[in-house]
Amino acid sequence: MRFRLVRYFTLASLGMFGLVALSLIYFEREQSQFYKQTNDEQLAFFGDVQQSFAKQQEDAARRDLLTIHEAGNVNLTRLFANALWERDFAPFVAQVQAIDVTGCQAIADVTDDKGKKAAPPEKKACFADIGKRIMALPGFKAIDAKVFDSMKKSTVFKIKVFDLRGITVYSSEHAQIGEDKSFNAGWRSAAFDGVPKSELTHRGKFSAFEGVVENRDLIGSYLPVLEPGSSRIVGVFEVYSDVTPFLKQIQQTSGQIRSTATDNQKKLGEAAAANQDAVDATSYRQLATIAGLLLLLFAALLVIVRRAEKIIQQQEADRAHAHQQLAQSEKMASLGQMVAGVAHQLNTPLAFSQNNILMVKDALQSMELPMKVAGRLSSILEDVDGDKVTIKVSQLKANLDKLQEGNVDVTMLQEMLKDVLGGIDQMSELVVNLRDFTRLDRAATTNADLNKALHTVAYIAQTVLPKNIELVEEYGQLPSVECNPSQLNQVFLNLINNAAQAIEGPGRIRIRSFAEGDQVHVEVQDNGRGIPDDVLPHIFDLYYTTKPAGEGTGLGLAIARNIVTEHGGDITVSTRIGVGTTFTVTLPVRQEAPLAQAA
Amino acid sequence: MTRLAGKVLCVDDEPGIVRSLQWLLQKQFEVFTATSGAEALELVKQHDFDVVISDQRMPVMTGVEVLREVRKLSPRTMRILLTGYSDMQAIVRSVNESEVFRFINKPWNISELPKVVAQAITIAKTQPVETPAAEIPEDAPIIANGERILVIDDDPEMGRAVADLVGASAKVSYTRNLADAVGILNNEDVSVIISETRVGTIDATRLVRLMKSKHPEIVTVMLTGESDADTITTLINQGQIYRFVPKPIRTGYLKLVLQSALRKHGALVSDPALTFRHAVETTSAGAMESLISDVERAAPQAETAAAAKGGGFMASLGAGFRRLFGAG
Ligand SMILES: Nc1ncnc2c1ncn2[C@@H]1O[C@H](COP(=O)(O)OP(=O)(O)O)[C@@H](O)[C@H]1O
Ligand SMILES: [Mg+2]
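What you see is a predicted model, and the numbers here were worked out from it, not measured in a lab. (Residues numbered from 1 in each chain as written. Chains lettered and ligands numbered in written order. Predicted model: local features only at pLDDT ≥ 70, side-chain atom pairs only at ≥ 80, totals over all residues. Heavy atoms only, no water.)

1. Re the state of the cysteines
In a disulfide, the sulfur atoms of two cysteines are covalently bonded to one another. Residue and element names in this part refer to chain A. Enumeration over the complete set of coordinates arrives at one disulfide over all chains. Sulfur-sulfur distance for the disulfide between Cys104 and Cys126 comes to 1.6 Å. The chirality of the disulfide connecting Cys104 with Cys126 is left-handed, given an S-S dihedral of about -85°. Separated by 22 residues along the polypeptide, Cys104 in helix α2 (residues 102-106) and Cys126 in helix α3 (residues 121-135) bring together distant segments of the chain. Using a relative accessible area of 5% as the deciding quantity, one classes Cys104 as buried. (Disulfide = S-S within 2.5 Å. Helix = DSSP H or I, 4+ residues; strand = E, 2+ residues; numbered from the N terminus. Buried < 20%, exposed > 50% of the residue type's maximum accessible area, 1.4 Å probe, protein only.)

Rendered as structure tokens:
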């Protein structure tokens, strides 16, 4: 198959460029995604940082709020205790101690559906009963009034007092009196550890001293009550104070921080997006530039390759042309050699025929006079009646020389003419063989008698070969072979010429033919110098020759093989140095495909 | 009728040729025939032939080989080579190895051939034979006694090579144009001419042929570049060239040729009768005139000392030619 340079180049390089472009785009995409991802991560991280900062800030503010208010409540409790405990609450609590609560406390808690332990309603009712008994105690009303008095107009919304059993001894919200808080963590902390415990809660509805309030943030503190003058815990206060306005302020501040953070986040996001866009744009530009450069490269290469292909084609054409010319010149050279040989071959019969004919002509001329004399004599004799004739010989005597010269040996003349005929035969044989050799007057492909063709070639070759080379022809029975005889003649002539050129001095060339199955074999064997091992692999190569410039072209065997292969045949060689070489041409009797016409 | 005037042997592998030669020559001479080299040499051993005519192209032994052997066996026999087609190599070899008297081309002229044979027989019968020179080894020194050698060649290297070879023993004149050559030939006693077949644009073989017909004692050696067989045939038949030296020239071979040429000249001078053995065909009429006109045309461009003399030169050149070759 022919190698299509431009097409293959285009396909390969476009494919390659495509791959390069694809991988470039892929890497660009990867890079841009990576960039975006890092940007996003950075943004998220930054956001998280800001958010946590805002939260921490709010938490700290709340903690501060709690601590401040707890401290305030502790002071308040002290004040309260100083003012009310000794005189009012201590005896009241002592009264309450008299009420037995163990029965209520013994009622088991139930686990509600959330898995949390809660007091069953009968327990709550039991304690509520205890509350009613407390409120029924004398002195309750006076204490309640005093508490209300002292707490009115303060930020304290509610106040509770517990005994060391956890029973609510007093609550500004009366309904809560009697409740059991012994399990409450705040109460336990204050009652057992003496540590105040505070909690910030939001209440939708809350019954305060001055009635029910709504939507309030409250700080509730459980505070231990110390016996005045000692550090013995005697009870627990629970105080609820209102921090709604403070909390609002804190929430406002943290809201501001948060919104600033969101703003920043947004700006940062925008900046990142802008960056991403810029990066993407740059990478598109890059891609476009590279694509453009690749296209330019492709165009340049294409121009070069096309030019190269043109040059290659030109060289190919030149080579084919040169080859054709060389083949032609080889043909002409062997033709010239043949013509010289044929001319010489013709020259010999021509020379003696010409010589003989000229001599016969001279002889005939010299016979003219004697013939005339004889003719005259015969006519004279015709007219004579008697037996005797008298002839005057004086005139004849004067021409005696010429008469004697005319007395030629007629047998010799006949032999001369016989030789001339032989010469003519030789010349016509040559002409017939010449005609058979070229076969210009016949169809290119015919069923040919190869033996006849071989003999013709041998005959023609003989005219060129040195006379001390003997040609031996040994032909076997051959079927007629479908072939182009003119081309095969050239093959055989080339082989015979090579054989002759391999022989120095006297030698012998044997031409043999024989049939075998549906093949015929022709052998050209010489007893020349043989072919050395280093030459043998090249002998069929075009232009390969070991002969000096004028003598060898290196085309003979290349052309021979070409022709034989075209006939579907084969040409082989066997050789021994110093002994000789045999070339064997094997040809099929019938052709499968029609033969090319070119000779 | 002058029959049996001499013994002639005709050799050719083609019987038709020997038969017709026999028919042609047997009226005047005693003719023998042979169809192979071996048969011919056998006959030469048995008979004393005046002339052997041999075809060149024969199996086993070529004509040149046959004539070379004939020369060894019978030096007085004149040798004629019959050639059918031009084989340059064979012809050069025939000159150098067999010293043939004539080339005869096939087909031959039936009135000329008997005359050539008759001339050869006359020479063979009447002229003394030079003793064949012994083989000269290549390294032997050149023996000469001050003879003059004229070298005519376009390449000055040739003159130098010859001068180097002969050293002081002989005088060498070199020139690259024929006008000078004519001058030298007129003024000096030239023994050997070594000439290229073409000098400049002029065919120098005519000078050599003319020289030989008037001065047969001069030995001529031709240097051949790419001359064709016809030129050489003409040279041998009309110039009796002593040797051909194919170019490029091997010094060893040139030395051998020079050596034997000088010796040949010595023999020719000491016995002028020998020169008849090298008699030439008459050159075609007008050869001298055409040579003179060619040389005169080329002379103005020649860088010759004589050319400086101006107007008188042409006249003196013409006179020189005439003196050299006799008046026409
Ligand atoms: N019969 C042979 N004997 C020895 N060598 C041969 C023979 N035939 C061919 N060759 C070798 O093969 C070479 C190529 O032959 P060929 O193609 O005919 O080219 P050419 O004859 O022009 O050299 C010859 O140069 C010679 O060396
Ligand atoms: Mg060949």
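Next comes the rest of the account.
2. So, the UniProt feature "modified residue: 4-aspartylphosphate" (unreviewed entry) in chain B
Residue and element names in this part refer to chain B. As annotated by UniProt and renumbered to match this structure, "modified residue: 4-aspartylphosphate" (unreviewed entry) occupies Asp55. Note that Asp55 resides in strand β3 (residues 51-55). Take Asp55: its relative accessible area is 1%, and that puts it in the buried class. The residues touching Asp55, leaving out its near neighbours within four places in the chain, are Val11, Asp12, Asp13, Gly63, Leu82 and Lys106. (UniProt positions renumbered as here; feature names shortened; annotations may be inferred. Contact = heavy atoms within 4.5 Å.)

3. As for helix α7 (residues 178-187) of chain B
Taken together, the buried positions of α7(B) are B:Leu178, B:Ala179, B:Ala181, B:Val182, B:Ile184 and B:Leu185. N-cap assignment for α7(B): the residue whose side-chain oxygen lies 3.1 Å from the backbone N of B:Ala179 is B:Asn177. (Polar contact = N/O pair within 3.5 Å; in protein donor to acceptor, adjacent residues only side chain to side chain.)

4. As for the site of ligand 1
Residue and element names in this part refer to chain A. Neighbouring residues of ligand 1: 19 residues in total, closest Thr545, Thr546, Lys547, Thr553 and Gly554. At 2.5 Å from an oxygen atom of ligand 1 is found a side-chain nitrogen or oxygen belonging to Thr545. Relative to its unbound accessible area of 530 Å², ligand 1 is 95% covered by the protein chains. Listed by contribution, the elements that provide at least two residues to the shell around ligand 1 are α12 (485-501), α13 (556-566) and β14 (580-588). (Near = heavy atom within 4 Å. Areas by Shrake-Rupley, 256 points an atom, 1.4 Å probe, with all protein chains shown as cover.)

5. Description of the sheet that holds strand β6 (residues 148-152) of chain B
Residue and element names in this part refer to chain B. Sheet architecture is open: five strands sit in the order β7-β6-β8-β11-β12, paired in parallel fashion. Only two strands of the sheet have a single neighbouring strand rather than two, namely β7 (171-175) and β12 (243-246). In this sheet, adjacent strand axes meet at a mean angle of 20° when their direction is disregarded. Pairing of β6 with β7 involves five bridges; the strand directions are parallel. Across the sheet, Leu150 pairs through a bridge with Ser173, a residue of β7. Sitting on the sheet, helix α8 (residues 205-214) touches β6, β8 (190-196) and β11 (219-224), and the angle it makes with β11 is about 165°. (Pairing = 2+ DSSP bridges. Axes fitted to C-alpha atoms, helices over the stretch in contact; angles between N-to-C directions.)

6. So, the packing of aromatic side chains
According to the stated counting rule, one finds 13 aromatic pairs over all chains in the structure shown. The interplanar angle of 65° and the centroid separation of 5.4 Å between the aromatic rings of A:Tyr26 and A:Phe27 together place this pair among those described as edge-to-face. By relative accessible area, A:Phe27 is classed as exposed at 53%. Ring plane angle 70° and centroid distance 5.9 Å describe the contact between A:Phe89 and A:Tyr170, whose orientation is recorded as edge-to-face. Placement of A:Phe89 in helix α1 (residues 5-97) and of A:Tyr170 in strand β4 (residues 168-171) is noted, with a sequence separation of 81 residues between them. The rings of A:Phe89, A:Phe92, A:Phe140, A:Tyr170 and A:Phe237 are connected pair by pair, giving a single aromatic cluster. Directly above the aromatic system of B:Phe101 lies the positively charged group of B:Arg102, at a separation of 4.1 Å from the ring centroid. (Phe/Tyr/Trp six-rings, centres within 6.5 Å; stacked < 30°, edge-to-face > 60°. Lys NZ or Arg CZ within 6 Å of the ring centre and 35° of its normal.)

7. A short note on the nonpolar core
In terms of nonpolar packing, the biggest core is built from 47 residues, with A:Leu450, A:Val491, A:Ile496 and A:Ile509 touching the most fellow members. Residue contributions to this core peak at eight residues, all from α12(A). Non-local contacts of A:Ile496, meaning those with residues more than four positions away in its chain, are made with A:Val457, A:Ala458, A:Ala461, A:Leu465, A:Leu471, A:Ile509, A:Ile511 and A:Val524. Listed in part, the 35 residues of the second largest apolar core include A:Met367, A:Met416, B:Trp23 and B:Val31. (Core = buried A, V, L, I, M, F, W, Y, C linked by side-chain atoms within 4.5 Å.)

8. Quick look at the pairing of strand β6 (residues 211-226) of chain A
Residue and element names in this part refer to chain A. Bridge count for strand β5 (residues 197-208) against β6 is 11 bridges, and the pairing is antiparallel. Paired with Ala208 across the bridge in β6 is Gly211. Once β5 ends, the chain turns through two residues before running back antiparallel as β6. Here β6 runs beside strand β7 (residues 233-242); their pairing, made up of nine bridges, is antiparallel. Across the sheet, Leu218 pairs through a bridge with Asp242, a residue of β7. Between β6 and β7, which follow one another and run antiparallel, lie six residues, and Gly229 among them has a positive phi close to 85°.

9. Overview of the interface of chain B and chain A
Listed as interface residues are 19 residues of chain B and, on the opposing side, 24 residues of chain A. Summed over both sides, the interface of chain B with chain A buries roughly 1,900 Å², with 58% coming from carbon and sulfur. On the chain B side of the contact with chain A, B:Trp23, B:Arg57 and B:Ile110 bury the most area, a combined 38% of that side's loss. In this assembly, chain B and chain A are joined by two salt bridges. We note a salt bridge from A:Asp419 to B:Arg19, for which the minimum N-O separation is 2.8 Å. Across the contact surface, chain B and chain A share eight residue pairs in polar contact (both at pLDDT 80 or more). (Buried area = accessible area lost by both parts, 1.4 Å probe. Salt bridge = Lys/Arg side-chain N within 4 Å of Asp/Glu carboxyl O.)

10. Notes on the confidence of the model for chain B
Residue and element names in this part refer to chain B. On average, residues of chain B carry a pLDDT of 79, and 82% of them reach 70 or more. This model gives residues 303-310 a pLDDT under 50, and the stretch forms six contacts once residues within four places in sequence are excluded. With a pTM of 0.59, the predicted complex shows an ipTM of 0.73. (pLDDT = per-residue confidence, 0-100.)

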